[in-house]
Amino acid sequence: MVRASEQEQESYRSRLFNFKWRNNDNNSATRHNKSLSVETGLDEAATGSHGAEPLTIIHPSQGPPLSRSAADEAALAALAAAQAREKQLLADMEQMKERFSKLLLGEDNSGGGKGVSSALALSNAITNLAASVFGEQRRLEPMPAERRARWRKEIDWLLSVTEYVVEFAPSQQKNKDGTNMEIMTTRQRTDLHMNIPALKKLDAMLIDCLENFKDQSEFSYVSKDSPDSDGKRNDDKWWIPTVKVPPDGLSEASRRFLQYQKDCVNQVLKAAMAINAQVLFEMEIPESYIDSLPKNGRASLGDQMYKNITVDFFDPDQFLSSMDMSSEHKIVDLKNRIEASIIIWKRKMVYKDSKSSAPWASGVSLEKREVFEERAETILLILKQRYPGISQSALDISKIQFNKDVGQAVLESYSRILESLAYTVLSRIDDVLEADRAGSKRNTPMESEDETLVGSMTLSDFMGWDFDQAGNADLESKRDLSDDPLVKEKLSVVTTKKTSYLETLGGVKSPTARH
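Residues numbered from 1 in each chain as written. Predicted model: local features only at pLDDT ≥ 70, side-chain atom pairs only at ≥ 80, totals over all residues. Heavy atoms only, no water.

1. Comments concerning the packing of helix α7 (residues 252-282) against helix α15 (residues 406-440)
So, step 1. Here α7 crosses α15 at 150 degrees, and the two axes come no closer than 8 Å. With respect to α15, the axis of α7 lies roughly antiparallel. Between α7 and α15 lies a crossing whose hand is left-handed.
So, step 2. The class makeup of the residues in the contact of α7 with α15 is 18 nonpolar, seven polar and eight charged. (Axes fitted to C-alpha atoms, helices over the stretch in contact; angles between N-to-C directions. Helix = DSSP H or I, 4+ residues; strand = E, 2+ residues; numbered from the N terminus. Parallel < 35°, antiparallel > 145°, perpendicular 65-115°, else oblique. Left-handed = near helix turned anticlockwise from the far one by under 90°. Nonpolar A, V, L, I, M, F, W, Y, C, P; charged D, E, K, R; others polar.)

2. What about the nonpolar core?
So, step 1. Counting residues in each nonpolar core, the largest one holds 56 residues, and the members touching the most others are Trp151 and Phe219.
So, step 2. Listed by contribution, the elements that provide at least two residues to this core are α4 (118-134), α5 (145-159), α6 (190-211), α7 and α15.
So, step 3. When residues in this core are grouped by element, the largest group, 14 residues, is from α15.
So, step 4. For phenylalanine 219, the contacting residues outside a window of four places in its chain are Leu140, Phe213, Val243, Lys244, Val245, Leu250, Leu258 and Val432.
So, step 5. If you look at the next biggest cluster of nonpolar residues, it comprises 23 residues, including Ile331, Ile338, Trp345 and Ile379. (Core = buried A, V, L, I, M, F, W, Y, C linked by side-chain atoms within 4.5 Å. Buried < 20%, exposed > 50% of the residue type's maximum accessible area, 1.4 Å probe, protein only. Contact = heavy atoms within 4.5 Å.)

3. As for the packing of aromatic side chains
So, step 1. What the rule picks out here adds up to six aromatic pairs.
So, step 2. Aromatic pair phenylalanine 219 and tyrosine 221: ring centres 6.1 Å apart, planes at 80 degrees, arrangement edge-to-face. Each member of the pair, phenylalanine 219 as well as tyrosine 221, carries the same accessibility label: buried.
So, step 3. When the centroid spacing of 5.9 Å and the interplanar angle of 50 degrees are considered together, the rings of tryptophan 345 and phenylalanine 372 count as tilted. Taken as a pair, tryptophan 345 in helix α12 (residues 328-350) and phenylalanine 372 in helix α13 (residues 366-386) lie far apart in primary sequence, 27 residues in all. Phenylalanine 372 shares its class with tryptophan 345; the two are buried. (Phe/Tyr/Trp six-rings, centres within 6.5 Å; stacked < 30°, edge-to-face > 60°.)

4. A short note on the side chain of serine 391
So, step 1. Its place among the elements puts serine 391 in the loop between α13 and α14 (394-402).
So, step 2. At 2.5 Å, the side chain of serine 391 forms a polar contact with the side chain of glutamate 328. (Polar contact = N/O pair within 3.5 Å; in protein donor to acceptor, adjacent residues only side chain to side chain.)

5. Some remarks on the pattern of salt bridges
So, step 1. Inspection of every chain in the model, using the stated rule, returns 22 salt bridges.
So, step 2. Lysine 102 serves as the salt-bridge partner of glutamate 98, at 3.5 Å between the closest nitrogen and oxygen. Placement of the pair is glutamate 98 and lysine 102 together in helix α3 (residues 68-105), with a separation of four residues, close to one helical turn.
So, step 3. Residue class for glutamate 98 comes out partly exposed when judged on its relative accessible area of 43%. (Salt bridge = Lys/Arg side-chain N within 4 Å of Asp/Glu carboxyl O.)

6. Let's talk about the environment of isoleucine 196
So, step 1. Within the secondary structure layout, isoleucine 196 lies in helix α6.
So, step 2. Distance from isoleucine 196 to leucine 411, taken between C-alpha atoms, is 7.2 Å for residues 215 residues apart in sequence.
So, step 3. Discounting chain neighbours no more than four positions away, the residues touching isoleucine 196 are Leu159, Thr162, Val410 and Leu411.

7. Notes on the environment of glutamine 401
So, step 1. Its location among the elements puts glutamine 401 in helix α14.
So, step 2. Along the backbone, glutamine 401 and valine 116 are 285 residues apart, and their C-alpha atoms lie at a distance of 8.7 Å.

8. What to know about unusual backbone geometry
Note on backbone geometry: most residues besides glycine have negative phi, and most peptide bonds are trans.
So, step 1. Backbone geometry places glutamate 107, a non-glycine residue, at a positive phi of 65 degrees.
So, step 2. Turning to its location among the elements, glutamate 107 is positioned in the loop between α3 and α4.

9. Notes on the environment of serine 415
So, step 1. Relative to the assigned elements, serine 415 resides in helix α15.
So, step 2. For serine 415 and methionine 273, which are 142 residues apart along the polypeptide, the C-alpha to C-alpha distance reads 7.2 Å.
So, step 3. Excluding anything up to four places from it in sequence, serine 415 contacts Leu199, Ala272, Ile275 and Asn276.

10. Remarks on the pairing of strand β4 (residues 180-188)
Regular strands place their side chains on alternate faces of the sheet.
So, step 1. Relative to β4, strand β3 (residues 166-174) runs antiparallel, the two being bridged by nine bridges. For valine 166, the partnering residue across the bridge sits in β4 and is glutamine 188.
So, step 2. The hairpin formed by β3 and β4 contains five residues between the paired strands, and glycine 178 there has a positive phi angle of roughly 95 degrees. (Pairing = 2+ DSSP bridges.)

11. Considering α5
So, step 1. When the terminal C-alpha atoms of α5 are compared, their 21 Å separation across 15 residues agrees well with the 21 Å that a helix rising 1.5 Å per residue should span.
So, step 2. Every buried residue belonging to α5 is among Trp151, Glu154, Ile155, Trp157, Leu158 and Leu159, and all of these are buried. (Expected span 1.5 Å × (residues − 1).)

12. Points about the confidence of the model for the protein chain
So, step 1. Confidence along the protein chain averages 75 in pLDDT terms, with 67% of residues attaining 70 or more.
So, step 2. Element-level pLDDT for the protein chain is lowest in strand β1 (residues 37-38), with a mean of 38, against a maximum mean of 95 in α6.
So, step 3. This model gives residues 19-23 a pLDDT under 50, and the stretch forms four contacts once residues within four places in sequence are excluded.
So, step 4. Of the regions scoring below 50 in pLDDT, residues 353-361 engages in nine contacts with residues more than four places distant in sequence or in other chains. (pLDDT = per-residue confidence, 0-100.)

13. Side note on the packing of α12 against α13
So, step 1. It is the contact of α12 with α13, at a shortest axis distance of 9 Å, that shows an interaxial angle of 150 degrees. By the angle between their directions, the pair α12 and α13 is classed as roughly antiparallel. Seen from above, α12 lies across α13 with left-handed handedness. Contact residues: α12 offers Leu334, Lys335, Ile338, Glu339, Ser341, Ile342, Trp345, Lys346, Lys348 and Met349, while α13 offers Leu366, Arg369, Glu370, Phe372, Glu373, Ala376, Glu377, Ile379, Leu380 and Leu383.

This is how it looks when you write it as structure tokens:
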């Protein structure tokens, strides 16, 4: 018994020494081991620990050790994520190479130098990108995350060109001897520096407006062939889903929400229209367009239209009511004739000192020609206000096609596609409000029946063109003091607000394909 007890103590000392030796060896080799293992070895029967697991000592500053399989899975997941990011980066790089290669080639993949200018190629690229991203936006619902990410990524690629369109500006440089010297430095061109951030803000506002309809549940959409469709969809909107509202109409909270969103989009529309109109105005008129003009305004307008504009007392609303505007094609044709006559009369006023044998000379006095030109511009302004989604005129298309300024091309195309998207969203909001009025059998005080899509504030208000009562009073006083019947007339711009039927502009087209 004594010998057995001594053997057991000796075995215990041996195991304790083995444990201390392993601990010292591990600490000297590495200071951050998470555990130490001691095998119980020789006397499993004496200790009664048959099949026991190895002893593990946890480092006091560390958590439980990860198993080998969990660590491998985490490493594989990190590796897969890195490979996916690298693969996406390579794909984006290849796509960027393709886009900018087409821009450099001027859309002529043969490389024969027969492509379009860089300005027109960039304008078409922005237009086509917007058509592919927003062309299917037919409902008031958020954009899919994939399309939204694609739009933001690719439009940033195309807009990056404007960062290198610069102009010289004077600056002060301090020399080592303390003297100042004026030098010329480069900065982004002023029109781009002002308008590109503004257009990006309008872009974000439109996308946020669509995002705000994420949680709405009071109205839904049904297809034209659905049994729930009322079958009252007009033929000019056959591709747009029909709005379905509750039988009693929308709640007051939903109406207020829709009206607020409409006001926000309305402001975006007017701002985009103002920027687009200003950029088009600053573009040079191509010589090819001027060569195609007739010799005088009468030949451009036609006898009846010319007579209606040159009457002693002119009313723009009465003039438009006498015109046939039953289709978009006829409205665009009227715009083309009006714009051509404006260009002709302006050029004649420039050549007022030329001889009578000059091609622009005529027997009409300068004062009367100026009045005629103002009347034509008034008609053109009313057309743009009543039909904001109308297709571009021949003059606008000609300017875009022959424009060589890359900065103006980007501003025009970007503002145009935002104008088209805002008009589309505004139309979809009006569809919901119209369905609500039809369902509730009453007119809401928030919007009258003849309110136009452009809203209570017109483009002339936004641009600062003053046609208020004070201006009318001033014109009235001038009329009393003048003897000329053409000057005595009062040019009042009081439009009858109508809802535009041009809902067919679901997407946007390239400048050369909008007709």
